[in-house]
Amino acid sequence: MELENRGISADVHEGYQLALVSVWVGLVVWCDGERFWWRTGWDEGRKRAVYAWHPVADLSRAARRIAFRYAELREGHPLSAIVRVALERESEHRAALPL
């Protein structure tokens, strides 16, 4: 809900006492009920991923941080033309539906 409030769509998958939130290419957020964590980059020296985390008690700030990462990744990997057109058509279709 916090990501939706920021205009970010995501898919949530549950299982094995974890929630996985697929936000964008290269941005999956995990939650174990106590904290969120997501990959923020790669440490070339250590040859491993770098992760950020945030406690679930502060959903708004966690969503803000995730939104910043989302914006970074969107710059480097925008929507393809096919997906963009499909989303525009879906939006037009929804706008034409009676309320």
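Conventions adopted
Residues numbered from 1 in each chain as written. Predicted model: local features only at pLDDT ≥ 70, side-chain atom pairs only at ≥ 80, totals over all residues. Heavy atoms only, no water. Core = buried A, V, L, I, M, F, W, Y, C linked by side-chain atoms within 4.5 Å. Buried < 20%, exposed > 50% of the residue type's maximum accessible area, 1.4 Å probe, protein only. Helix = DSSP H or I, 4+ residues; strand = E, 2+ residues; numbered from the N terminus. Pairing = 2+ DSSP bridges. Axes fitted to C-alpha atoms, helices over the stretch in contact; angles between N-to-C directions. Contact = heavy atoms within 4.5 Å.

Proteins that are soluble and globular tend to have nonpolar side chains buried together. Core analysis: the biggest nonpolar cluster contains 17 residues, and L3, V23, L27, V29 and W38 have the highest contact counts within it. Broken down by secondary-structure element, the contributors of at least two residues to this core are β2 (18–24), β3 (27–31), β4 (35–43) and α2 (59–76). If one sorts the elements of this core by residue count, α2 sits on top with six residues.

Next up on the list: the sheet that holds β3. An order of β1-β2-β3-β4-β5 is seen for the five strands of this open sheet, with the pairing classed as antiparallel. At either margin of the open sheet sits one strand with a lone partner, and together these are β1 (11–15) and β5 (48–55). Strand-to-strand twist in this sheet, taken as the mean axis angle between neighbours without regard to direction, amounts to 25 degrees. As paired strands, β1 and β2 are joined by five bridges and run antiparallel to one another. Bridging across to β2, D11 finds its partner in S22. Those strands touched by α2 are β2, β3, β4 and β5, and its axis lies near 30 degrees from that of β4.

So, about the pairing of β5. One ladder, built from eight bridges, connects β4 with β5; its direction is antiparallel. When the sheet's bridge partners are listed, G41 is paired in β5 with V50. Adjacent in sequence and paired antiparallel, β4 and β5 are bridged by four residues, among which K47 carries a positive phi angle near 55 degrees.

Another point: unusual backbone geometry. A negative phi angle is the norm for most residues apart from glycine, just as the trans form is the norm for most peptide bonds. For Y16, which is not a glycine, the phi torsion comes out positive at approximately 55 degrees. Checked against the element boundaries, Y16 lands in the loop between β1 and β2. Taking the relative accessible area as the measure of exposure, Y16 reaches 85% and is therefore exposed. For Q17, which is not glycine, the phi torsion reads 60 degrees and is therefore positive. Mapped onto the elements, Q17 comes out in the loop between β1 and β2.

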